[in-house]
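A closer look at the structure
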Amino acid sequence: KYNIYEGVDYGPKLATAPVMVTDGKVYVIGDYTKAYCLDADDGTLIWSQNVKGTTVVLSGINVYKGVAYFISQYDIYAVDAATGKILHKTSLGYRQRRNGTPLIYDNVLYSAHQAKIAAYDTTKACTEIWRVTEGGRYKYVMPAYRNGNIYYSDPGMKELIARKALDGSEVWRFSTNNAEFMADNKYTLAWDMSSHALTEKYDYVGSDNGAFYVLDA
């Protein structure tokens, strides 16, 4: 049922992106064109922001220091989390078709989208810090941060990747097309992968090929 709370119309469908719940509020993308903020207890609509006609919203919402961030085909939106007012809109500089929810750590927004991973300075209206182009396909999940590194998956290249958060330089790369895992055709290639769960030592990732990967982080 799309209308989770009575009286709130999300449109034909919800975006297939995570829902953000923080400070007693629920933030959700609806119909790929609208951002909503609801009361977490009773579903009362606090605000909505419609970007229809200019773009299609492809990510979930992440709230950081009172600002709600989400990403469309062409832009990064920064919206006042209390009122829904658009604070700024920053162009990606290209069109992208799928996007994971942005990760924000220490004033830097990290986004894995299309065949790219990029970092943006939230203190400077999301000015791009660095960008790396990969050869793969869409990245659907939020990157993960641990000890100065960013972890994400590239389903098109069938790889799990770690990069330095500071400049995007590569730390390591693991291919799921690995002889050890492909022996006797026990596993197929991983096309889609879960978010990365990190401890001090290990990186845990699930995939759609029946394998669960535990890597040295």
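Structure first, text after, so check above.
Residues numbered from 1 in each chain as written. Predicted model: local features only at pLDDT ≥ 70, side-chain atom pairs only at ≥ 80, totals over all residues. Heavy atoms only, no water.

1. Points about the overall build of the protein
- A count of helices and strands for the protein gives one helix and 19 strands.
- For the protein, the residues scored as buried account for 49% of the 217 residues in total.
- The contacts in the protein between residues at least 6 apart in sequence include a share of 37% that link residues at least 24 apart.
- About 10600 Å² of surface is accessible on the protein, with carbon and sulfur atoms providing 49% of the total. (Helix = DSSP H or I, 4+ residues; strand = E, 2+ residues; numbered from the N terminus. Buried < 20%, exposed > 50% of the residue type's maximum accessible area, 1.4 Å probe, protein only. Contact = heavy atoms within 4.5 Å. Areas by Shrake-Rupley, 256 points an atom, 1.4 Å probe, with all protein chains shown as cover.)

2. Some points on the sheet that holds strand E16 (residues 170–175)
- The four strands are arranged E13-E14-E15-E16 in an open sheet whose pairing can be described as antiparallel. Strand pairing shows two members of the sheet lacking a second neighbour, strand E13 (144–146) and E16, which therefore form its edges. The sheet shows a mean angle of 20 degrees between the axes of neighbouring strands, direction not considered.
- As paired strands, E13 and strand E14 (residues 149–154) are joined by three bridges and run antiparallel to one another. Within the sheet, the bridge partner assigned to Tyr 145 lies in E14 and is Ile 150. (Pairing = 2+ DSSP bridges. Axes fitted to C-alpha atoms, helices over the stretch in contact; angles between N-to-C directions.)

3. Regarding the side chain of Asp 203
- Structurally, Asp 203 is set in strand E18 (residues 202–206).
- The side chain of Asp 203 is buried and forms no salt bridge, while Arg 146, the nearest opposite charge, is found at 10 Å.
- Among all residues touching Asp 203, those that are not within four sequence positions of it are Tyr 151, Trp 172, His 196, Ala 197, Leu 198, Tyr 213, Val 214, Leu 215 and Ala 217. (Lys, Arg positive; Asp, Glu negative; His and termini not counted. Salt bridge = Lys/Arg side-chain N within 4 Å of Asp/Glu carboxyl O.)

4. Examining the packing of aromatic side chains
- Scanning the entire structure with this criterion turns up seven aromatic pairs.
- Ring plane angle 55 degrees and centroid distance 6.1 Å describe the contact between Tyr 151 and Trp 172, whose orientation is recorded as tilted. In this pair, Tyr 151 sits in strand E14 while Trp 172 sits in strand E16, placing the two residues 21 residues apart along the sequence. Of the two residues, Tyr 151 and Trp 172, neither departs from the other in class, the shared state being buried. (Phe/Tyr/Trp six-rings, centres within 6.5 Å; stacked < 30°, edge-to-face > 60°.)

5. Some points on the environment of Met 142
- Tracing the backbone through its elements, the reader meets Met 142 in the loop between strand E12 (127–133) and E13.
- Met 142 sits in the partly exposed class, given a relative accessible area of 29%.
- Residues Met 142 and Ile 104, spaced 38 residues apart in sequence, show a C-alpha to C-alpha distance of 9.8 Å.

6. A look at the pairing of strand E10 (residues 108–113)
- Counting buried positions over the six residues of E10 gives six, a clear majority of the element.
- Side chains Val 108, Tyr 110 and Ala 112 of E10 all project onto a buried face; the interleaved residues Leu 109, Ser 111 and His 113 project onto the opposite face, where all are buried too.
- Between strand E9 (residues 103–105) and E10, which follow one another and run antiparallel, lie two residues, and Asp 106 among them has a positive phi close to 50 degrees.
- Bridging between E10 and strand E11 (residues 116–121) involves six bridges; their strand directions are antiparallel.

7. Observations concerning unusual backbone geometry
- Unlike most non-glycine residues, Lys 65 shows phi in positive territory, near 50 degrees.
- With respect to the helices and strands, the residue Lys 65 is situated in the loop between strand E5 (62–64) and strand E6 (67–71).
- At Asp 106, a position not held by glycine, the phi torsion is positive, near 50 degrees.

8. A word on the pairing of strand E2 (residues 25–30)
- A large share of E2 lies buried, amounting to five of its six residues.
- Here strand E1 (residues 20–22) runs beside E2; their pairing, made up of three bridges, is antiparallel. Paired with Val 21 across the two strands is Val 26, which belongs to E2.
- Between E1 and E2, which pair antiparallel in sequence order, lie two residues; one of them, Asp 23, sits at a positive phi of approximately 50 degrees.
- Here E2 runs beside strand E3 (residues 34–39); their pairing, made up of six bridges, is antiparallel.

9. Let's talk about the side chain of Arg 163
- Within the element layout of this structure, Arg 163 appears in strand E15 (residues 159–164).
- Residue class for Arg 163 comes out buried when judged on its relative accessible area of 6%.
- Side-chain polar atoms of Arg 163 contact the backbone oxygen of Gly 168, separated by 2.9 Å.
- Excluding anything up to four places from it in sequence, Arg 163 contacts Ile 117, Val 132, Glu 134, Gly 148, Asn 149, Ile 150, Tyr 152, Gly 168, Ser 169, Glu 170, Val 171 and Arg 173. (Polar contact = N/O pair within 3.5 Å; in protein donor to acceptor, adjacent residues only side chain to side chain.)

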